[in-house]
Each structure stands twice: as structure tokens, then as C-alpha cells.
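Structure assessment
Below, each chain spelled out in residue letters.
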Amino acid sequence: MSAPLPLSGVRILALSSFGAGPWATMLLGDLGADVIKIEDPSRGGDTSRSVPPLPEDVPNDSLYFQSMNRNKRSLGLDIRRPEGREIFERLVRVSDVVYNNLRGDQPRKLRLDYQALGPLNPRVVCVSCSGFGRDTSRASDPGYDFVVQARTGWMSLTGEPEAPPARCGVSVVDFSGGVISIVGLLAALLRARETGRGGDVETSLFEGALSMLNYLAAWNLNLGFQPQRIANSAHQSLVPVQAFATRDGWIFIMCMSDKFYELLCQKLGHPELASDPRFETSAERYVHREELIPQLARLLRERTTEEWLDAFRGAVPCAPVYDVEQALADPLVEELGMLWEVDHPDLGRIREVGCPVRLSDTEPLPRRAAPQLGQHTDTVLRELLELPEDEIAELRDTGVI
């Protein structure tokens, strides 16, 4: 018999918008958590509901919003109003986590930290994933993915040497920052289950992005090495690790060890390149990359990408350089079951990328479309707080919900 989903029974109150928070809490919802997304009805809810391109004749919804808010419930609640705050605090008493990805100066102002919420529920975990931290000189600055990429040096490393600085093509800072925040969330939740005491969990997009400078930072801090953009998306020090043009496209080759380089030379039909003293080791190839790369580039232009993929398969780490449509059509995507379909009340069946975590011996992961604004307000208030219908109606009439 299949076991319940691992986060079944965990209730999360999420005050989050755009990327990092919604995507992170969506993963928790995929794994069984009851994620109640609190949206301010006076402000139209999550701002990402209006991010284009927008579907026609579907108000207050977008595919951007749908892609990051699957498997959640939406509670339309204005927590800035005294009546809304009272409802929120009652929900805190029956929840495990309060999660926000607001600007760093907001959690304390809105009383979303453990100092404010701990007295209501000592077990509650209060998570903040801001742009630049909660107690810093930049706490009040809006922090978004691309802004953080610029500030942490990522853009200086992305793109071609003579081109302007470039950002990563996807919102890596948002998504990695979100994952870091839920690592902290789950760690604190385990502690709360063992000790009965929750607490604050804090991270920021800036800290997450800075931590991913990792070995580049270590080189710079200890050796004074200045990382820079290298042609064809090449690695800073390992050769050959870069994109190469083929007869009909591009292939990315990643020889992370001498063994892979030797195999590459064999498959290219030029084993002498592996025994050449200038290229025998990673260290020598780094010194002589300007002599080696043109020779490899000339050879790789002789055949098509598909021909080289067939030749290298199982021996040389490599991949075709796909566009998004080609990537989604990769047979591996279907093998892994990574394209999900969910039913939307207005858009019909939506196709989207599914949860990247697979679990054995559990119930199937839920596949519910992202909610409409306030879709579950009445249900949540009746189910968790046992509010009578007349009180719910009065709250709606006064704009609290």
C-alpha cells in the first residue's frame, strides 16, 4: 500500500509573490503540504497574476502565476486590517509555518516574525526570504533576481568577452533562493517537531547568489584570481569545457578530467592530441588553451551535431545546445514524466513542468491548478476557524476578505 505524501499534515501560511517564494512553496505543496496562499484582495492578490503574456478573457490570472502556484489554496485576506489580522493570528495557531518573501523591512513591520507570532504558537516556524536581508543597510531595497545577478557579479561572468554583461536566461537566483529557504524551513520544522519550539529562518536572494560564487570566490579571495567571461561559454580553468560550432549547429563538450579529454581525442580520430605534451594534463591544457581550442573547433565543424552526439555517447560528456522548444521535446522529458497536465476552470487543460522530486511508495503527487484569487477563502475559514456563514458574509461586505 502507498504511504501518505511526506508533508501531509504540514500547514503553511504563505505571503509571497513573483518567483522565489511561490516556486519554493509550490514544491512543498507538490509533496503534500497544505499551502494556504494569503493574498490581499484590495491589491488584486499576487502581482504575478498580471505578468504577460496573458491568456485572453481570463481576468486576474496568468501562465506565469500558474507555473509557480500549483497545489495551493488561495485565501483572500487583508492582514493590515484589524479584523484581517485577527483571522490571520487564529490561523497561525493552527499552522506549522508562516512563509514570506517580502522586502527585508516588511516582516517585522507586518509582525510576521517569531517575536510576534511565537506567543500565539510556540511551534510555528517563521521563514523570511528577502532580497537583501532583514537587518541590513539594504533591507528596504526591492530585491529581484536580475538585480541580484548584477550585484553579486554573475552578470560579469555571463556572455561573450566583448559583449555587454548578460544575465542568466532563467531566474536562477529566485529558484535557488527559494530552495535554500525551504531547506531552512524543513530543518526548523524538524527541530520544532522534536523540541516544541519553532523560531525564525532567514535567508535572502543576495546571500544565496553570493554563496553560489563558491569556488570562484575562493579563487579570488585566496589567490587574487579574477574570473572573467570566456568565449563560447567556456569554463574558467578546465579545457575543453565549452560550446563548439558543428556543421549544422552547436554542441557543448565538458571534459572535466584527463580521461574524458583522451576519449574525446580518440572519437575525433586524433589521438595524438592527447599525447601532445602541451595538452596531456588539465594544467597544461589551461596554459595552452589558445593553441588547443582552434584545433578542436576545426575538427568539430566537420560533422553535424547529431553525428558527434552518436560518436561521443557514453564516452564524452556532451549535449546539443537546444532552444526551449527543443528542450521540452527531448525524449528524456517524457521518460521522466516531467510534463504535467492540470485542469483549469477557464483555460482548460494546462501543460506545465512538473515536480522534479520523485518519491517511492507514496501516493501520486497532486496536480491541481493554481487557485483563483480567494478561491478557498470560505472553505479555509469554515474548516480551520469554524466561522459561521453570517460572519464570513460580513467580512466580505467590509472588504476584509
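Our subject is the structure that appears above.
Residues numbered from 1 in each chain as written. Predicted model: local features only at pLDDT ≥ 70, side-chain atom pairs only at ≥ 80, totals over all residues. Heavy atoms only, no water.

**Let's talk about a negative patch on the surface**
Among the surface-exposed residues, Glu83, Glu86, Asp390, Glu391, Glu394 and Asp397 lie close enough to one another that they form a single negatively charged patch. Elements with a minimum of two residues in the negative patch: α3 (82–93) and α18 (389–397). One can find Glu391 in helix α18. (Patch = residues over 30% accessible without salt bridge, like charges linked within 9 Å, V, L, I, M, F, W, Y side chains within 5 Å. Areas by Shrake-Rupley, 256 points an atom, 1.4 Å probe, with all protein chains shown as cover. Salt bridge = Lys/Arg side-chain N within 4 Å of Asp/Glu carboxyl O. Lys, Arg positive; Asp, Glu negative; His and termini not counted. Charge placed at Lys NZ, Arg CZ, Asp CG, Glu CD. Helix = DSSP H or I, 4+ residues; strand = E, 2+ residues; numbered from the N terminus.)

**Some details on the pattern of salt bridges**
One side chain can pair with another of opposite charge once the charged atoms of both are near each other. Throughout the structure, instances matching the rule amount to 25 salt bridges. Across the pair Arg396 and Asp378 runs a salt bridge, and its minimum N-O distance is 2.6 Å. Here Arg396 is found in helix α18, whereas its partner Asp378 is found in helix α17 (residues 377–385), with 18 residues between them in sequence. Among the ionic pairs, Glu389 bridges to Arg382, the shortest N-O distance being 3.1 Å. You can call Glu389 partly exposed: its relative accessible area is 46%. Using a relative accessible area of 36% as the deciding quantity, one classes Arg382 as partly exposed. (Buried < 20%, exposed > 50% of the residue type's maximum accessible area, 1.4 Å probe, protein only.)

**Details of the sheet that holds strand β9 (residues 318–320)**
With antiparallel pairing, three strands are arranged side by side in an open sheet as β7-β8-β9. Because the sheet does not close on itself, it has two edges, and the strands there are β7 (241–245) and β9. Put simply, the sheet's adjacent strands are angled 20° from each other on average, direction ignored. Sheet strands in contact with helix α14 (residues 305–312) are β8 (250–254) and β9, and its direction is about 25° off that of β8. (Pairing = 2+ DSSP bridges. Axes fitted to C-alpha atoms, helices over the stretch in contact; angles between N-to-C directions. Contact = heavy atoms within 4.5 Å.)

**A word on the side chain of Gln149**
Along the polypeptide, Gln149 turns up in helix α6 (residues 145–151). The residues touching Gln149, leaving out its near neighbours within four places in the chain, are Trp154, Met155, Arg167, Cys168, Val170 and Val173.

**Describing the layout of surface pockets**
Taken as a whole, the largest pocket encloses approximately 1100 Å³ of empty space. Surrounding the largest pocket, 30 residues form its lining, Ser67, Val170, Phe175, Val324 and Val353 being those nearest its centre. Elements supplying a minimum of two residues to the lining of the largest pocket: α1 (20–30), α2 (63–68), α7 (172–195), α15 (324–328) and β11 (348–353). Of the residues that constitute the lining of the largest pocket, the class distribution is 20 nonpolar, five polar and five charged. The volume enclosed by the second largest pocket comes to roughly 800 Å³. (1 Å grid on protein atoms, 1.4 Å probe; cavity = no way out; pocket = protein on both sides within 12 Å on 5 of 7 lines; lining within 4 Å. Points joined across faces, edges and corners; volume = space filled by probe spheres on them. Nonpolar A, V, L, I, M, F, W, Y, C, P; charged D, E, K, R; others polar.)

**Focus: α17**
Because the α-helix completes a turn every 3.6 residues, residues three or four places apart line up on one side. Three or more residues of α17 are buried, namely Thr377, Val380, Leu381, Leu384 and Leu385. The arc that holds every buried residue of α17, seen down its axis, measures 95°, which confines them to one face. On its buried face, α17 sits against β1 (11–15), β2 (34–39), β3 (72–76), α3 and α18. Following α17 by one or two positions, Glu386 has its phi on the positive side, about 55°. (Arc of directions from axis to C-beta.)

**Regarding the sheet that holds strand β5 (residues 125–130)**
One open sheet holds the six strands; their spatial order is β3-β2-β1-β4-β5-β6, and the pairing between them is parallel. The open sheet has two edge strands with one neighbour each: β3 and β6 (199–204). Mean inter-strand twist for the sheet, computed between neighbouring axes without regard to direction, equals 20°. Relative to β6, β5 is paired through six bridges, and the arrangement is parallel. Counted as the bridge partner of Val127 is Val201 from β6. In the packing of α3 onto the sheet, the strands contacted are β1, β2, β3 and β4 (97–100), and the crossing angle to β1 comes to about 145°.

**Side note on the pairing of β7**
Across the five residues that make up β7, a large majority, five, are buried. Of the pairings in the sheet, the one linking β7 to β8 comprises five bridges and is antiparallel in character. By the bridge assignment for β8, Val241 is matched with Met254. The hairpin formed by β7 and β8 contains four residues between the paired strands.

**Some thoughts on α14**
Listing the buried residues of α14 in full gives Thr305, Trp308, Leu309, Ala311 and Phe312. Buried residues of α14 fall within an arc of 165° about the axis and therefore sit on the same side. On its buried face, α14 sits against β8, α10 (258–268), α13 (289–300) and β9. Within two residues after α14, Gly314 carries a phi angle of roughly 80°, on the positive side.

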